[in-house]
Amino acid sequence: MPRRSKKSTTNVKTLPTPVQEQLLIDAVCPLLEDQTAEIRVLCTMLSRGQAAAALAAACPAAQVTCHFLDAYLAELTREFAGASLNFETACSAEFPETPIDLAVIPTHSGVEPELTRDRLQSTHQALVEGGRLAVSTNDPKDSWLHELMQSMFDKVTRIATKKRGVVYIARKTAPLKKLKSFEARFTFPDHDRLITIVSRPGVFCHRRLDDGARALLKVVEVRDNDRILDMGCGAGAVGLALAARNAKISVTGVDSNARAVWCAEQGAAANELTNFNAVHTADGSCQGEGSYDLFLGNPPYFSNYQIAELFLQTAVRMLKPGGEIMIVSKSIAWYKQRMAELFDDVGTAESGHYIIAGAVNRRRQK
């Protein structure tokens, strides 16, 4: 990302900083106080990049990259943290290839452990010899993360705070002797074919088929020449299965998670599908607005329906007049009410433990 004109980042103080990020600010900023030579810093963040922006402000010699898997979170961080000569955001399936001198990684005790292992291994690989890793957890009684750090580094310094969490700091002295692959491949039957899925940590339903996707596939029917948009496609299970059913349709999977898009693309290659493509986008937008025949979604349950609303608004925009939307959920009341305000002919169907809400787009051609 090109550098922009320097601007104050004092607005990072207006949003509460997650405890894990504050622990890192307190532990790492003193290490950078006398730093005058340029230092390359890589951060992952839990919120809006408060710790990354604080490190950039505390050490002008630091070139700080705040990395995200999710494009939506990356955009929010860019808007929130503001512009700076030595702070930027990046969003990709992997860390940037540039060697780094310092990595700052907050972790959450409830986050997928395999993702933490994957990220720390990637961080170790990116560090230059002598580079340091600072990692935090909100579990003051942590032992799991400590043992993981000890398995990767010769010496690990533990900085504990009562009832808040722990910071571990270590210096890279040698490459890891053995690298673990966290990629997984699994198959599931759909109609008369086995569908291969490629998944990685950080992607929805890593290593398994989501029950909501399975429920949706039981009721979806496709017709020749259909253009289908699968929003929040994850590793692409639904879209890949539909593309395999009928070579005369085209399926576009969209996701804000860069790693999910990578997995979906790998899945298309593994299944030898030429009628499926994946798009990395923060809001579901892609080429072909107003031209899709079918919109499919399995929205997440968090965010108080804000993401669900984004799904529905995207469907209104992307579907052709008369195009259909199908949403799968265990709790369908909100969808029925909101879809009745945006679409015509709202109906529901049960599929296992899930309910599918369907409707027809009422948008007219201009």
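The preceding data block contains the structure.
Overview of the structure. Bear in mind the structure is a predicted one, so any value in this text is a computation, not a measurement. Each chain has its residues counted from 1, running along the sequence as written. For this predicted model, a pLDDT threshold of at least 70 governs which residues receive local features, and a threshold of 80 or more governs which side-chain atom pairs are given and counted, while totals over whole chains, interfaces and linings are taken from all residues. In computing side-chain values, all of the structure's heavy atoms are included and hydrogens and water are not.

### A word on the pattern of salt bridges
Part 1 of the argument: Salt-bridge detection follows one rule: a side-chain nitrogen of Lys or Arg within 4 Å of a carboxyl oxygen of Asp or Glu. The full count for this structure, using the stated rule, is 14 salt bridges.
Part 2 of the argument: The closest approach of N and O atoms between Arg259 and Glu94, which form a salt bridge, is 4.0 Å. Residue Arg259 is found in helix α8 (residues 258-270), and its partner Glu94 is found in the loop between β3 (87-91) and β4 (100-106); the two are separated by 165 residues along the sequence.
Part 3 of the argument: Relative accessibility decides the category of a residue: with a 1.4 Å probe and only protein chains considered, values under 20% of the type maximum give buried, values over 50% give exposed, and everything between is partly exposed. Classification of Arg259 as buried rests on a relative accessible area of 0%.
Part 4 of the argument: Judged by relative accessible area, which is 35%, Glu94 ranks as partly exposed.
Part 5 of the argument: Among the salt bridges present, the one from Asp224 reaches Lys248, with a minimum N-O distance of 4.0 Å. In this pair, Asp224 sits in the loop between α6 (211-219) and β10 (227-231) while Lys248 sits in the loop between α7 (237-245) and β11 (250-255), placing the two residues 24 residues apart along the sequence.
Part 6 of the argument: Take Asp224: its relative accessible area is 44%, and that puts it in the partly exposed class.
Part 7 of the argument: Linked through salt bridges whose partners overlap, the residues forming this network are Glu94, Asp118, Arg200 and Arg259. Comment: elements are numbered from the N terminus, with helices defined as DSSP H or I runs of at least four residues and strands as E runs of at least two.

### Observations concerning the sheet that holds strand β1 (residues 39-44)
Part 1 of the argument: Whether two strands pair comes down to DSSP finding at least two bridges between them. On the basis of which strands lie adjacent, the open sheet formed by seven strands has the order β3-β2-β1-β4-β5-β7-β6 and mixed pairing. Two strands lie at the open edges of the sheet, namely β3 and β6 (156-161), each paired on one side alone. Sheet twist, expressed as the mean angle between neighbouring strand axes with direction ignored, is 20°.
Part 2 of the argument: With three bridges joining them, β1 and β4 adopt parallel strand pairing. Counterpart to Leu42 in the pairing with β4 is Ala103.
Part 3 of the argument: Contact definition: two residues touch when any of their heavy atoms are within 4.5 Å. Fitted lines through C-alpha atoms serve as axes, helices being fitted only where they are in contact, and the angles separating the N-to-C directions of these axes extend from 0 to 180 degrees. Packed onto the sheet, helix α5 (residues 144-152) meets β5 (127-137), β6 and β7 (165-171) and runs at close to 175° relative to β5.

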